[in-house]
Amino acid sequence: MTSARFTAIQMNSQNQIEQNLLQAYELLKQTAHQGSVLAVLPENFACFAPGQQRITAERFDEIATTLKRWAEQLNLWIIAGSIPCAYRPDGQIIEDGRVRSACLLIDPSGQVVARYDKIHLFDVKVADGIGVYQESATFEPGNQIISANTPFGKLGLMICYDLRFPELSIALRQEGAEILTAPSAFTHLTGQAHWELLLRARAIDSQCHIIGAGQGGWHGTRQTWGHSTIVNSWGEVLASSSDEIPTTISADYDADVQLSRRTAMPLMEHR
């Protein structure tokens with residue numbers, strides 16, 4: 001498959017899992033009807049509320065089962081943004097009470113093809129209403145770079161803060177990635193400053209097509225940037241959302257054009 005249509009789903013998830021899942025399903029259904037083969041949900045799509053990570057993690061398997069059913073029903077590849085999970089990919093329980101931020105890649109037969117656990121955790125100070133973010137207090141970092149084969153190209157999986165580390169996108173490219181996915185929940189302040197810039201930079205670094213699916217709007221006292229964006233390997237913005245939430249954006253991927261650009265400028269050979 002040398003061309004395909006991909007969709008980024010933008011949500012305003014709150015603290016009610018059932019309502020968030022209902023919203024996600026309607027957007028996935030819309031995506032499938034519009035002819036996309038891959039949909040990317042945002043980070044924390046099932047629940048986005050302080051102190052709810054462990055509670056959500058207790059329902060990880062249930063949420064994953066629901067997503068697998070939807071993928072099969074809609075004949076759709078799904079990047080399940082991120083879901084808190086209380087156990088590591090090998091099944092080992094995280095003993096200290098923290099969870100992992102797990103991104104699932106699910107194929108149209110309802111099978112989980114890959115799981116990526118967020119490596120870079122958001123421990124920063126931001127001049128917004130929250131001030132200090134310490135993701136590592138609640139989450140254990142992952143330690144594996146994950147990519148997976150699909151009929152439309154090899155996918156490299158990232159989550160949100162990972163975008164600030166070009167080493168990860170380069171490592172994914174070196175594993176053969178052609179498309180990168182970045183489900184996110186950027187703060188309004190950092191997103192306004194850097195979101196599009198980071199997506200375009202990582203696309204240019206890696207010569208990969210990138211799909212950035214964001215949370216947008218207010219989640220209690222926290223405000224996210226939204227502006228979901230799809231960028232091609234030349235760093236061109238193919239689609240970008242408005243402030244509307246929820247919403248979807250879609251764009252076409254052309255593997256032949258991307259290969260010609262990589263051939264003309266062989267960055268991996270020169271590196």
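Notes on the structure in this doc start here. (Residues numbered from 1 in each chain as written. Predicted model: local features only at pLDDT ≥ 70, side-chain atom pairs only at ≥ 80, totals over all residues. Heavy atoms only, no water.)

1. A few points about the environment of A49
Argument step 1. Considering the arrangement of structural elements, one finds A49 in the loop between β2 (38-40) and α2 (53-57).
Argument step 2. It is 29 Å that separates the C-alpha atoms of A49 and E72, two residues lying 23 residues apart in sequence. (Helix = DSSP H or I, 4+ residues; strand = E, 2+ residues; numbered from the N terminus.)

2. Examining the sheet that holds strand β14 (residues 229-231)
Argument step 1. Strands sit in the order β8-β9-β10-β11-β14-β15 across an open sheet of 6 strands; the sheet is mixed. With one partner strand each, in any of the chains shown, β8 (147-150) and β15 (237-240) form the two edges of the open sheet. On average, adjacent strands in this sheet sit at an angle of 20° to one another, irrespective of strand direction.
Argument step 2. When β14 meets β15, the two strands line up antiparallel, connected through 3 bridges. Note on β15: the bridge partner recorded for I230 is A239.
Argument step 3. Across the sheet, helix α5 (residues 188-206) lies against β10 (179-184), β11 (209-214), β14 and β15, angled at about 155° from β11, the strand it touches most. (Pairing = 2+ DSSP bridges. Axes fitted to C-alpha atoms, helices over the stretch in contact; angles between N-to-C directions. Contact = heavy atoms within 4.5 Å.)

3. Notes on the nonpolar core
Argument step 1. Ranked by internal contacts, the top residues of the largest apolar core, which has 43 residues, are F6, L38, I79, L105, F152, L163 and I211.
Argument step 2. When residues in this core are grouped by element, the largest group, 4 residues, is from α5.
Argument step 3. Excluding anything up to four places from it in sequence, L38 contacts R5, F6, T7, L76, W77, I78, I79, F152, L155 and I211.
Argument step 4. One finds A71, L76, I78 and A80 within the second-largest nonpolar core, a separate group that totals 30 residues. (Core = buried A, V, L, I, M, F, W, Y, C linked by side-chain atoms within 4.5 Å. Buried < 20%, exposed > 50% of the residue type's maximum accessible area, 1.4 Å probe, protein only.)

4. Observations concerning the pairing of strand β3 (residues 77-85)
Argument step 1. The buried count for β3 comes to 9 of 9 residues, which makes it a mostly enclosed element.
Argument step 2. For β2 and β3, the ladder comprises 3 bridges, and the chain directions are parallel. Within β3, the position partnered with L38 by the bridge is W77.
Argument step 3. As paired elements, β3 and strand β4 (residues 100-106) share 6 bridges and run antiparallel to each other. Bridge pairing links I79 to L105 in β4.

5. Concerning the packing of aromatic side chains
Argument step 1. According to the stated counting rule, one finds 9 aromatic pairs in the structure shown.
Argument step 2. With centroids separated by 5.6 Å and ring planes inclined at 25°, the aromatic side chains of F6 and Y253 adopt a geometry described as stacked. One end of the pair, F6, is in strand β1 (residues 3-10); the other, Y253, is in strand β16 (residues 247-254), with 247 residues separating them in the sequence. In this pair, the class of F6 matches that of Y253, namely buried.
Argument step 3. Ring centres of Y25 and W70 lie 5.1 Å apart, and the angle between their planes is 45°; this geometry places the pair in the tilted category. (Phe/Tyr/Trp six-rings, centres within 6.5 Å; stacked < 30°, edge-to-face > 60°.)

6. What about the sheet that holds β2?
Argument step 1. On the basis of which strands lie adjacent, the open sheet formed by 6 strands has the order β5-β4-β3-β2-β1-β16 and mixed pairing. Strands with a single pairing partner mark the edges of an open sheet, and in this sheet they are β5 (112-117) and β16. The average angle at which neighbouring strand axes cross in this sheet is 25°, direction not considered.

7. Considering the state of the cysteines
Argument step 1. Evaluation of the coordinates by the stated rule reveals 0 disulfides.
Argument step 2. Distance from the sulfur of C47, which forms no disulfide, to the nearest cysteine sulfur (C85) is 15 Å.
Argument step 3. In this structure C85 is a free cysteine whose sulfur lies 12 Å from that of C103, the closest cysteine sulfur available.
Argument step 4. We classify C85 as buried; its relative accessible area is 0%. (Disulfide = S-S within 2.5 Å.)

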